[in-house]
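Take a look at the letters that make up each chain.
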Amino acid sequence: ERIGSVVVDVVLDAIVKAGLAHRTDEGVAFAHVLVRASIERRARDEERLARHHASAAAALELLWGTDTPVAAARIGRHRLAAGDAGGALAPLFSAARAAVAEGDVLEAKGLLEDWARARVASGLADDDARLAPALILQAIVADREGHHDDAQRLAARAAAAARDRRLFAQARRVAAEAALA
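1. Things to note about the overall build of the chain
A count of helical and extended segments in the chain gives nine helices and two strands. When the helices and strands of the chain are read in sequence order from the N terminus, they spell out α-β-β-α-α-α-α-α-α-α-α. Taking the principal axes of its C-alpha atoms as reference, the chain extends roughly 55 × 30 × 30 Å. In the chain, of all internal contacts separated by at least 6 residues, the share reaching a separation of at least 24 is 46%. In the chain, 25 side chains carry a positive charge and 26 a negative one; their mean positions are 2 Å apart.

2. Overview of the layout of surface pockets
Empty space within the largest pocket amounts to approximately 1400 Å³. What lines the largest pocket is a set of 42 residues, among which F30, A56, L60, R74 and H78 lie closest to the centre. Of all elements in the fold, only α1 (5–17), β1 (21–24), β2 (27–30), α2 (33–45), α3 (49–64), α4 (69–82), α5 (85–101) and α6 (105–122) reach the threshold of two or more residues within the lining of the largest pocket. The biggest single contributor to the lining of the largest pocket is α3, with 10 residues. A breakdown of the residues in the lining of the largest pocket according to their chemical character gives 26 nonpolar, six polar and 10 charged.

3. Remarks on the pattern of salt bridges
The final tally for this structure, using the stated rule, is 12 salt bridges. In this structure, D150 and R153 form a salt bridge, with 3.8 Å as the shortest nitrogen-oxygen distance. Placement of the pair is D150 and R153 together in helix α8 (residues 148–161), with a separation of three residues, close to one helical turn. Owing to a relative accessible area of 35%, D150 belongs among the partly exposed residues under this scheme.

4. Notes on the nonpolar core
Among the nonpolar cores identified, the biggest contains 37 residues, and L111, W115 and A118 are the most heavily contacted of them. Within the residue set of this core, elements represented by two or more residues are α4, α5, α6, α7 (132–144), α8 and α9 (165–180). Excluding residues that lie within four positions of it along the chain, W115 makes contacts with L89, L92, F93, L131 and A134.

Rules used throughout
Residues numbered from 1 in each chain as written. Predicted model: local features only at pLDDT ≥ 70, side-chain atom pairs only at ≥ 80, totals over all residues. Heavy atoms only, no water. Helix = DSSP H or I, 4+ residues; strand = E, 2+ residues; numbered from the N terminus. Contact = heavy atoms within 4.5 Å. Lys, Arg positive; Asp, Glu negative; His and termini not counted. Charge placed at Lys NZ, Arg CZ, Asp CG, Glu CD. 1 Å grid on protein atoms, 1.4 Å probe; cavity = no way out; pocket = protein on both sides within 12 Å on 5 of 7 lines; lining within 4 Å. Points joined across faces, edges and corners; volume = space filled by probe spheres on them. Nonpolar A, V, L, I, M, F, W, Y, C, P; charged D, E, K, R; others polar. Salt bridge = Lys/Arg side-chain N within 4 Å of Asp/Glu carboxyl O. Buried < 20%, exposed > 50% of the residue type's maximum accessible area, 1.4 Å probe, protein only. Core = buried A, V, L, I, M, F, W, Y, C linked by side-chain atoms within 4.5 Å.

Okay, structure coming up:
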């Protein structure tokens, strides 16, 4: 079920007015971690947590779209928490790729860990060619963290999974760079 932008605005205005959240440059943040924990606990107890995450993902997509890395990361994580592993893959990968490009290795690593959980939950096979781009990113992150052997192993897996010449070449390049480090 889709949420309208008017409904999202009304709900956000109400929680801000009640002092439960405040507006930020990135949207809205809960006023205190206990507010968030209380809402999540109650939703979990009433078996509504997955629906809350699905609604949050839909609202964020409506408000922000998925074009920015911050939006993509939050939407992907909410989709994953909502049980929509397949729908989480693209935004999590997009946000991870942007984090790597910005040099934020820790954020990229966390996003790729979430992507890997989504991959397993969505049933994507270990030899699926769609794994190659994420394996390349994982190899780059491992290399930047100084785990050169892991980087070589991940890049080799990416090259084996790649069906596209460009991805194959990129995987081989990442493996070679890790070998030289």
